[in-house]
Amino acid sequence: MPSPSAQDGGPTRGPAGATAALILADGTVLWGRGVGAVGEAGGEVVFNTGMSGYQEVMTDPSYAGQILTFTFPHIGNVGTNPEDIESVTPAARGCILRADITEPSNWRAAQHLDAWLKSHGLVGMTGVDTRRLTRRIRDVGAPNGLIVHAPDGLFDLDGLKTRAAGWPSLEGLDLAKDVTCTQTYGWDETRWSLAHGYGTQDTPRFHVVAVDYGAKRNILRSLASHGCRVTVVPASADVEAIMNHRPDGIFLSNGPGDPAATGTYAVPVVQKLVASGKPVFGICLGHQILALALGAKTYKMDIGHRGANHPVKDHTTGKVEITSQNHGFGVDRASLPPGVVETHTSLFDGTVEGLAVEGKPVFSVQYHPEASPGPQDSQYLFARFMKTIEESKA
Ligand SMILES: NC(=O)CC[C@H](N)C(=O)O
């Protein structure tokens, strides 16, 4: 789009047709067309390279505090439906898209993406050169920014630039407490499956307590489909509350924010869980919290991993799997204490992707074996967890 019209003092009118703007913390402005809710939303601007699954991505609670830009240009063309969600309320703050959203074309579509964004109060914009934005994020790291949707085309650019520059970093932010469940509940796979026509569940083999730091539904479904009864407890649950459920195994979920910020409550609980000798399996934030509990350190990555084509090597089998990922923090290899083994490694950038504790039924991965969206290569990890539980019971 051409440059905006010069103004003296008052609001700035964007280039012809511009009803939305992305303002980055360094003052960069990208213009576009507004979709979804009218208003302003701020967060860390990150890109996801997946070619499908925008609704699962937008509802993944781990995207809390972030504005998503999709590198795939056509987003919204199959509309939205009530099933492809990873939580009831979308966690991402907004979205940045290349192409305008077309009419939905899919038999499952219940709503246009634009209407769905509006109904959840999410601000979005289209017409952005997302390739340019992504290359910029790759060069300088994920910036904070604001997206503004103003149908009158008028923008208070100075104020927006000040607010974007002052937007707080995700580093040090505990967001798990914002997205965790407020009460303990049993994941009712049967009811969910029947409601969506996917059949029933057999008699459960094991009872797993899942600590919810922002759990994606497909993890709970995956545990259930591997034969588990699943009890979900809030992130603040203490060891006694967890053990009172008499679990066969404990699952530590994914979730948003800085893992180190959970140090006051989650980390000491996980230390006790590890000491208890019960099988423990962690995914993403759960993996990072486990690492902290074992004495390792986490750090903020420049751009993180978000997409559905990340190659990871499993050192146990020597196999390479293509994985679904969404994280902006990582576990520092140099900080791993003796007795903690790196089981998986990223073949993109060599970072730590999985851990196991020697002599204990405890392991975790940085990526998402439940996918949703993404390839199913890593489903074996749920089977590995079941085997660990079986062995620990024997
Ligand atoms: N998906 C997740 O659990 C993300 C973990 C953590 N919030 C990160 O960004 O690294």
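Residues numbered from 1 in each chain as written. Predicted model: local features only at pLDDT ≥ 70, side-chain atom pairs only at ≥ 80, totals over all residues.

(A) Geometry of the site of the ligand. Neighbouring the ligand are S62, N254, G255, P256, G257, C284, L285, N326, H327, G328 and F329. Sorting elements by how many residues they give to the shell around the ligand places strand β16 (residues 320–331) first, with four residues. A class-by-class count of the residues in the shell around the ligand yields four nonpolar, seven polar and no charged. (Near = placed C-beta within 6 Å. Helix = DSSP H or I, 4+ residues; strand = E, 2+ residues; numbered from the N terminus. Nonpolar A, V, L, I, M, F, W, Y, C, P; charged D, E, K, R; others polar.)

(B) Representation of the nonpolar core within the structure. Counting residues in each nonpolar core, the largest one holds 99 residues, and the members touching the most others are A21, I147, A210, V211 and L223. Ranked by residues supplied to this core, first place goes to helix α10 (residues 285–293) with six residues. Counting contributing residues per domain, this core is built from domain 1 (12–165) and domain 2 (176–393), each supplying no fewer than three. Dropping the residues within four chain positions of it, I147 is found in contact with A20, L22, A41, I67, G94, I96, V123 and M125. (Core = buried A, V, L, I, M, F, W, Y, C linked by C-beta atoms within 7 Å. Buried ≥ 20, exposed ≤ 12 C-beta atoms within 10 Å, placed from the backbone. Domains from an automatic or database assignment. Contact = placed C-beta atoms within 7 Å.)

(C) The arrangement of the sheet that holds strand β18 (residues 352–357) in detail. One open sheet holds the ten strands; their spatial order is β10-β12-β11-β13-β14-β19-β18-β17-β15-β16, and the pairing between them is mixed. The two strands at the open ends of the sheet, each matched to only one other strand, are β10 (185–186) and β16. Where strand β15 (residues 298–314) lies against β16, ten bridges are found, and the strand directions are antiparallel. When the sheet's bridge partners are listed, K300 is paired in β16 with F329. The strands that helix α7 (residues 217–225) touches are β11 (206–212), β12 (228–234), β13 (249–252) and β14 (280–283); relative to β12, the one it contacts most, it runs at about 150°. (Pairing = 2+ DSSP bridges. Axes fitted to C-alpha atoms, helices over the stretch in contact; angles between N-to-C directions.)

(D) Representation of the UniProt feature "active site" (unreviewed entry) in the chain in the model. The UniProt entry lists C284, H368 and E370 under the feature "active site" (unreviewed entry), expressed in the numbering used here. The named residues occupy 87 residues along the chain; their greatest pairwise C-alpha distance, 11.3 Å, places them in one compact cluster. As for its placement among the helices and strands, C284 is situated in the loop between β14 and α10. On the basis of neighbour count, C284 is assigned to the buried category, with 28 C-beta atoms found within 10 Å. The residues contacting C284, other than those within four sequence positions of it, are S62, N254, H327, Q366 and H368. As for its placement among the helices and strands, E370 is situated in the loop between β19 (362–365) and α11 (380–393). Here E370 falls in the buried class, since 24 other C-beta atoms lie within 10 Å of it. Setting aside chain neighbours within four positions, we find E370 in contact with K216, N218, I219 and S222. (UniProt positions renumbered as here; feature names shortened; annotations may be inferred.)

(E) Spatial organisation of α10. When you tally the buried positions in α10, you get nine out of nine residues, the bulk of the element. Listed in full, the buried residues belonging to α10 are L285, G286, H287, Q288, I289, L290, A291, L292 and A293. A positive backbone phi angle near 105° is found at G295, which sits one or two residues after α10.

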